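One-letter residues, chain by chain:
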Amino acid sequence: MVDVAKIESAVRAQSHPPEALFRRHGVGWQCIVCPGDVLTQAEYSALMQRLNRGRLSPAEIKRNAVRAKGVAGHD
């Protein structure tokens, strides 16, 4: 039985984006931090939703950087 909470905790402790820590393994997903565990597609999808909740997209990060430069130039 896969311990999804253990995998989630291990992935959160890494400095890499969560997507970079998983690879396809047959019909499932294997976490390279916990190589013995293989998640089903449903488990992987649910875990990615939890891990990505609250994270900014690359477009949002870029937009915020542009806004910060604009605000800094008006001091």
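Below, the structure is looked at part by part. Remember, it's a predicted structure, so these values are computed and weren't measured experimentally. (Residues numbered from 1 in each chain as written. Predicted model: local features only at pLDDT ≥ 70, side-chain atom pairs only at ≥ 80, totals over all residues. Heavy atoms only, no water.)

Helices and strands together make up the secondary structure of the protein chain, namely three helices and three strands. Start at the N end of the protein chain and walk to the C end: the helices and strands fall as α-β-β-β-α-α. Computed over the C-alpha atoms, the radius of gyration of the protein chain is 17 Å, more than 25% above the 11 Å expected from 2.2 N^0.38 for a compact globule of 75 residues. Dimensions of the protein chain along its principal axes, counting C-alpha atoms only, are 55 × 20 × 15 Å. When the 75 residues of the protein chain are sorted by exposure, 25% land in the buried category. Considering only intrachain contacts with a sequence separation of at least 6, the fraction spanning at least 24 residues in the protein chain is 46%. Accessible surface for the protein chain amounts to roughly 5400 Å². Of this, 58% is attributable to carbon and sulfur atoms. Positive and negative side-chain charges in the protein chain, numbering 11 and 7 respectively, have mean positions lying 6 Å apart. (Helix = DSSP H or I, 4+ residues; strand = E, 2+ residues; numbered from the N terminus. Rg over C-alpha atoms; globule rule 2.2 N^0.38 Å. Buried < 20%, exposed > 50% of the residue type's maximum accessible area, 1.4 Å probe, protein only. Contact = heavy atoms within 4.5 Å. Areas by Shrake-Rupley, 256 points an atom, 1.4 Å probe, with all protein chains shown as cover. Lys, Arg positive; Asp, Glu negative; His and termini not counted. Charge placed at Lys NZ, Arg CZ, Asp CG, Glu CD.)

With that settled, consider the pairing of strand 1 (residues 22–25). Where strand 1 lies against strand 2 (residues 28–31), four bridges are found, and the strand directions are antiparallel. Paired with Arg23 across the strands is Gln30, a residue of strand 2. Where strand 1 hands over to strand 2, the hairpin turn is made up of two residues, of which Gly26 adopts a positive phi near 65°. (Pairing = 2+ DSSP bridges.)

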